[in-house]
Amino acid sequence: MKPIKVGLLGIGTVGSGTFNVLKRNQEEITRRAGRGIEITMVADLNVDRARELTNGECEVVNDANLVVNNPEIDIVIELIGGYGIAKDLVMKAIANGKHVVTANKALLATHGNEIFKAAQDKGVMVAFEAAVAGGIPIIKALREGLTANRIQWIAGIINGTTNFILSEMRDKGLDFDVVLKEAQRLGYAEADPTFDIEGVDAAHKATIMSAIAFGIPVQFDKAHVEGITKLQATDIRYAEQLGYRIKLLGIARRTPNGIELRVHPTLIPAKRLIANVEGAMNAVLVQGDAVGATLYYGKGAGSEPTASAVIADLVDITRLATADPEHRVPHLAFQPDAMVDTPILPMSEITTSYYLRMRVSDQPGVLADVTRILADSSISIDAMLQKEPDEGETRTDIIMLTHQTQEKNIVSAIAKIEALPTVVGEVTKIRLEQLS
Ligand SMILES: NC(=O)C1=CN([C@@H]2O[C@H](COP(=O)(O)OP(=O)(O)OC[C@H]3O[C@@H](n4cnc5c(N)ncnc54)[C@H](O)[C@@H]3O)[C@@H](O)[C@H]2O)C=CC1
Ligand SMILES: N[C@@H](CC=O)C(=O)O
Ligand code: NA
């Protein structure tokens, strides 16, 4: 059988990894796919660099339209990123009857419904394993391996840059900016690193996973997005003293009232495996009703780890290209006519536990006032840490861990606590998950 022809859009970090791994492991990949997979055309604005990387082995152009409009190309790999030109090119490739592989979670989390519908109508596949947790085959696991299960919740460390920053800050006491620069140098960070540090990238990935896990449309606009920029070293230290680590988690949870979809710094017990995921590594914990908890761990970013997922998609498409479109695995795991419209809950309706830190005047009655406010809101305290004031200081920190309550309860209790004359400034609130 003749090799399947692939056009690559964007030969940057992931594109170059894809080109190199496909070449290096060509023989084994062909044996697995059943036919050769050849990148015959590459488009990149930086044509000179693209020529250097491809070393005369394929045609290089600077206009990506030449690839998506080329009738010889069977599969288009989109590795440009962003929602502008990338969306245009993906839609054109689909309209031209080409299968698409993309690592672009930003694009799928915001325009996935339109893209999957167009692909469904045209009978082509859009594969996106690299878009969530890079090299970890989490899409495959959720869509196929766990298909017997009613998924209850997913909690993941799904942004390598922020996990790298949190780990380096904790272990080496390095400054935020220094570590971010290193993550950029290593190719983990997005073109715009605010997407990483403000939690947007993790929310894109959590959004995609929520759609696959619960059979709902992708709804990035309903996700709660909070990054690590406001996190203070003090809280990382106090959390450790209480037996917890702070991680940026992407959470998708089914509840009787709707779905929680949220990204925020989270305390998790230090004894959990996922709490010990360090550096740029990713991990996704999935709770299914039949299987129980399963954990997927590996590199979520970087050139070749991400290429590993891109090529897995290429092999899948190559194997299934001749199959009847009705018999392929649905893009979002559920058949398109079997999707449901379970609502995504507003943050005020989510239920979790909390870490609270407050600065108080060291005088009798303060603690009683705070605990009374929490009790009046039916919030019970699980653990508490009260620091001795430093020499000559009249103020000190109180740290409390609460049992589960609704977010709206804690928000109103915090407002009352902040109004106490003995409480100085704002109360710091970080959500806490037991993950059991
Ligand atoms: N870097 C990583 O570890 C991971 C990246 N991703 C995703 O993979 C995609 C690619 O990311 P990277 O390789 O890191 O980006 P990159 O910035 O290294 O590469 C993008 C390439 O596209 C080229 N390009 C930009 N505009 C173009 C246009 N209009 N036409 C043709 N070429 C154009 C650039 O010259 C560059 O070579 C993004 O969607 C990103 O979110 C996903 C998982 C991991
Ligand atoms: N910027 C992302 C790259 C992979 O998706 C990350 O840091 O995880
Ligand atoms: Na993946």
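Residues numbered from 1 in each chain as written. Chains lettered and ligands numbered in written order. Predicted model: local features only at pLDDT ≥ 70, side-chain atom pairs only at ≥ 80, totals over all residues.

- For the protein, the name recorded in an unreviewed UniProt entry is Homoserine dehydrogenase, with Noviherbaspirillum denitrificans as its organism.
- The Cofactor (unreviewed entry) comment attached to the protein in UniProt states, word for word, "a metal cation".
- Quoted verbatim from the Sequence similarities (unreviewed entry) heading of the UniProt record, the comment on the protein is "Belongs to the homoserine dehydrogenase family." (UniProt positions renumbered as here; feature names shortened; annotations may be inferred.)

Notes on the site of ligand 1
- Around ligand 1 sit 27 residues, and of these Gly10, Gly12, Gly81, Ala103 and Ala301 come closest.
- Broken down by element, the shell around ligand 1 gets its largest block of residues, 3 residues, from helix α1 (residues 13-24).
- Across the shell around ligand 1, the residue classes tally to 14 nonpolar, 11 polar and 2 charged.
- Here the shell around ligand 1 spans two domains, and each of domain 1 (4-135 + 304-337) and domain 2 (138-299) adds at least three residues to it. (Near = placed C-beta within 6 Å. Helix = DSSP H or I, 4+ residues; strand = E, 2+ residues; numbered from the N terminus. Nonpolar A, V, L, I, M, F, W, Y, C, P; charged D, E, K, R; others polar. Domains from an automatic or database assignment.)

Some words on the site of ligand 2
- Neighbouring ligand 2 are the residues Gly134, Asn159, Gly160, Thr161, Tyr188, Ala189, Glu190, Asp196, Asp201, Gly300 and Ala301.
- Looking at side-chain class alone, the shell around ligand 2 contains 3 nonpolar, 5 polar and 3 charged residues.

Re the environment of Val315
- Inspection of the secondary structure puts Val315 in helix α13 (residues 303-320).
- With 17 C-beta atoms counted inside 10 Å, the residue Val315 sits in the partly exposed group.
- With 283 residues separating them along the chain, Val315 and Arg32 place their C-alpha atoms 7.5 Å apart.
- Once you skip the residues sitting within four places of it in the chain, Val315 turns out to touch Ile29, Arg32 and Ala33. (Buried ≥ 20, exposed ≤ 12 C-beta atoms within 10 Å, placed from the backbone. Contact = placed C-beta atoms within 7 Å.)

Things to note about the domain arrangement of the protein
- Domain boundaries in the protein define domain 1 (4-135 + 304-337), domain 2 (138-299) and domain 3 (351-432).
- Distance from the C-alpha centre of domain 2 to the C-alpha centre of domain 3: 26 Å.
- Tallying the contact residues gives 11 residues for domain 2 and 10 residues for domain 3.
- Contributions of two or more residues to the side of domain 2 that touches domain 3 are made by α12 (233-241), β9 (244-255) and β10 (258-269).

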